[in-house]
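One letter stands for each residue in the lines below.
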Amino acid sequence: MVLNVKTQTDNYNIILQRGAINRVAEFYDTAKKALIVTDSGVPFEYAKTVSAQFSNSIIKVIPQGEKSKCFDVYKDLLEALCENEFSRSDCVVAVGGGVVGDLSGFCASTYMRGIDFVNIPTTVLSQVDSSIGGKTAIDFSGYKNIVGAFYPPKVVIIDSDVLKTLPQRHINNGLVESIKMAAACDKDLFEFMENNDLYENVDKVIEGSLRIKKYIVEEDEKEQGLRKVLNFGHTAAHAIETATGLGDLLHGECVAIGMLAFSSPSVRARLTSLLKKYNLPTEFDFVGDTILEALRHDKKSAGDGVNVVYVNEIGSFEFKFLDFNQLDDAVKGAYLK
Ligand code: GLY
């Protein structure tokens, strides 16, 4: 399947095909010189497979984890581009998850005022969400994604065969973003998810998510309005991450719990049973007011309340302002046993 995404400056294709990682030349000019960026958690064979298809390429392996989305690693990549005399007609290729994609995309967006960026996402989370829509960034001075650019890739190549090496927990972690999009935007996809095994239907889940995301980013590329729907579950997730200091939970797992606070009781019940099927957490050990405190200080808070994405019925959403009393009720209703 090929989906074309229109942006304010360009169009790009998303390729969703098994085995596509072996056929990069069908989708992009592999005569260009390529800096291939991957991380230490991604099987090296994927970067090698991609590299072998370019006539001239170098591979940079960065340490796995969010900590790599920093100025120092960004600087290392820029140095590699300079030292290897990359020109404006060369490219940066990401082979990895969201961290690799965000960092490589930002590097491509700034080197010589912008060179080609190709994204080959290798996790469910990046295949269904972060590789689409042109967001690139690094973390800086304690703030997540504070330095970055909207910089569309030239092509996104998604090969679900690479997921076979992804640990089960990370597959489930990525599925949360698909469940989130279906819950807020696509009743049919959500019902499909309730009635079918997502592992056996991973291509359909990816395709359904990509169609939703394409619609959203074409309507609102720079997140002025509609694109904020993708924050469903994230407001409470960030508060949980702050309240627990991240603890043992992955980001998608926090989003899973986070969606439950801003859903109607019937949506919460359906979400809970779907999330449980994939061993995703649905409970939060509510201790004192820590999560409420974190929510009150969320960057989306506005005076005496917080703007949230609220799902009242599967397949639709509203942007809602909750004052602090309503926020307390929502959080306690979802988590206090
Ligand atoms: N992952 C959220 C967005 O692309 O806007």
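See the structure above.
Residues numbered from 1 in each chain as written. Predicted model: local features only at pLDDT ≥ 70, side-chain atom pairs only at ≥ 80, totals over all residues. Heavy atoms only, no water.

A. Main features of the packing of aromatic side chains. Applying the stated criterion to the full structure yields 7 aromatic pairs. Ring geometry for Phe284 versus Tyr335: centroids 5.6 Å apart, planes at 70 degrees, classification edge-to-face. Separated by 51 residues along the polypeptide, Phe284 in the loop between helix H10 (265–277) and helix H11 (290–296) and Tyr335 in helix H12 (residues 324–335) bring together distant segments of the chain. Relative accessible area serves as the criterion here: at 2%, Tyr335 is assigned to the buried category. With a centroid separation of 5.3 Å and an interplanar angle of 65 degrees, the aromatic rings of Phe317 and Phe319 are classed as edge-to-face. Take Phe317: its relative accessible area is 28%, and that puts it in the partly exposed class. An aromatic cluster of three or more residues is present, and its members are Phe71, Tyr74, Phe106 and Phe140. Taking the ring centre of Phe192 as reference, the NZ or CZ of Lys204 above it sits at 4.7 Å. Between Arg296 and the ring centre of Phe324, over which it is positioned, the NZ or CZ distance is 5.5 Å. (Phe/Tyr/Trp six-rings, centres within 6.5 Å; stacked < 30°, edge-to-face > 60°. Helix = DSSP H or I, 4+ residues; strand = E, 2+ residues; numbered from the N terminus. Buried < 20%, exposed > 50% of the residue type's maximum accessible area, 1.4 Å probe, protein only. Lys NZ or Arg CZ within 6 Å of the ring centre and 35° of its normal.)

B. Representation of helix H2 (residues 71–83) within the structure. For H2, which comprises 13 residues, the first-to-last C-alpha distance of 18 Å matches the rise-based estimate of 18 Å (1.5 Å per residue) to within 8%. Here H2 has its buried residues at Val73, Tyr74, Leu77, Ala80 and Leu81. Buried residues of H2, seen end-on, are gathered within an arc of 115 degrees and therefore sit on one face of the element. Pointing more than 90 degrees away from the buried face of H2 are the exposed residues Asp72 and Glu83. Those residues of H2 that are buried lie in contact with strand E3 (33–39), strand E4 (56–62), strand E5 (91–96), helix H3 (98–110) and strand E7 (135–140). Just downstream of H2, Glu85 is the residue with a positive phi angle, here 50 degrees. (Expected span 1.5 Å × (residues − 1). Arc of directions from axis to C-beta. Contact = heavy atoms within 4.5 Å.)

On their own, these measurements won't tell you what the molecule is for.
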